[in-house]
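Remarks on the overall topology
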Amino acid sequence: RLAVYDHVVLISIDTLRADGIAYNPLQLWPYEYNIARHLKTPALDDLARGGAFFANTITAAPYTSASHASILTGLWPANHGVSDFFGQPLSVSTIFTEAGRQGYRTVMKTDFPVMIGSYLKLNRDVDTYIVEDDDAFLGAVGGTERSCSLLHFGSVHLPYGFHNAKFGGSDYAAAVEALEKETRHIDCGAPADVMNETYRTAEDLQLLLRYKRAIIALYATGQYSRLFELYLEGIEYFCRTR
């Protein structure tokens, strides 16, 4: 029942492993990868420590659009209609539909508007829809007495920690340059993965593709521990900066 709460906020951190939260007692990655690291995720630890924490949960689908449709509807992909990245749109009502009926202001902020938005109708019955603006989300929720919202972050997703030039800035550019130096001896060509989950300038897209090429080079040479180290660094950068 929504009515017992003034504000209901669903927080989604795209591609965050459960053991990417330091508070999680079931950390599998130290046994999977040869990495000695004391993971620092204080903001996430505080959230987990202050409520019920489920250390071993499984998503309804392994990709963004269908899994978020399940979060918003409580249904499996076969029942809510979203079963691919850009295929069939959402066919049923969501938590926002019911929240609106109960007098809540509904808000959605996403870093992936191509996948979580109007294309697949995931913003159905959302009063305020926001793209890549954390401050605008806080303003929208803080400006109403009762709200139901989704706060979606893409910064843990590749490029690990940065999301785009707007959020990553000079740190992102420096990371790409460092990765290119690290992998300059590996010839793997242009990345086949050119998927773009958000709106980017041509310059921003080239930065992403350069990052992807370096990641593919590390993968092609079996440097899995190095890849996971970059992923963990991305989680920590996200926690520090957003």
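Our structure's up above, just so we're on the same page.
Residue numbers restart at each chain and count upward from 1, following the sequence in its written direction. Reporting of local features is limited, given that this is a predicted model, to residues whose pLDDT is at least 70; pairs of side-chain atoms are given and counted only at 80 or more, and all residues count toward the totals for whole chains, interfaces and linings. No hydrogens and no water enter the side-chain calculation; it runs on all heavy atoms of the structure.

Considerations on the packing of helix α7 (residues 165–182) against helix α9 (residues 224–241)
This is how the line gets drawn: Axis geometry follows a simple rule: fit a line to the C-alpha atoms, using only the stretch in contact for helices, then measure angles between N-to-C directions, giving values from 0 to 180 degrees. Only DSSP runs of H or I with at least four residues qualify as helices, and only runs of E with at least two residues qualify as strands; both kinds are numbered from the N terminus onward. Geometric relationships in this document are graded by angle, where less than 35 degrees denotes roughly parallel, more than 145 denotes roughly antiparallel, 65 to 115 denotes roughly perpendicular, and other angles denote oblique. Contacts were defined at the residue level, with two residues in contact if any of their heavy atoms lie within 4.5 Å. Classes in brief: Ala, Val, Leu, Ile, Met, Phe, Trp, Tyr, Cys and Pro nonpolar; Asp, Glu, Lys and Arg charged; the others, Gly included, polar.
Running from amino to carboxyl end, α7 crosses α9 at an angle of 170 degrees, the nearest separation of the two axes being 13 Å. Taken together, the axes of α7 and α9 lie roughly antiparallel to each other. Contacts from Phe167, Gly168, Asp171, Leu179 and Glu182 in α7 reach Arg226, Leu230 and Tyr237 in α9. Its residues placed into classes, the contact of α7 with α9 shows four nonpolar, one polar and three charged.

So, the sheet that holds strand β2 (residues 105–110)
The test is simple: Two strands pair if DSSP finds at least two bridges between them.
In space, the four strands of this open sheet follow the order β1-β4-β2-β3, with parallel pairing throughout. In this open sheet, the two edge strands, each paired with only one partner strand, are β1 (7–13) and β3 (128–131). Averaged over all pairs of adjacent strands, the angle between their axes in this sheet comes to 10 degrees, without regard to strand direction. Note that β1 and strand β4 (residues 147–153) share seven bridges and pair parallel. Considered in β4, the bridge of Ile13 is made with Phe153.

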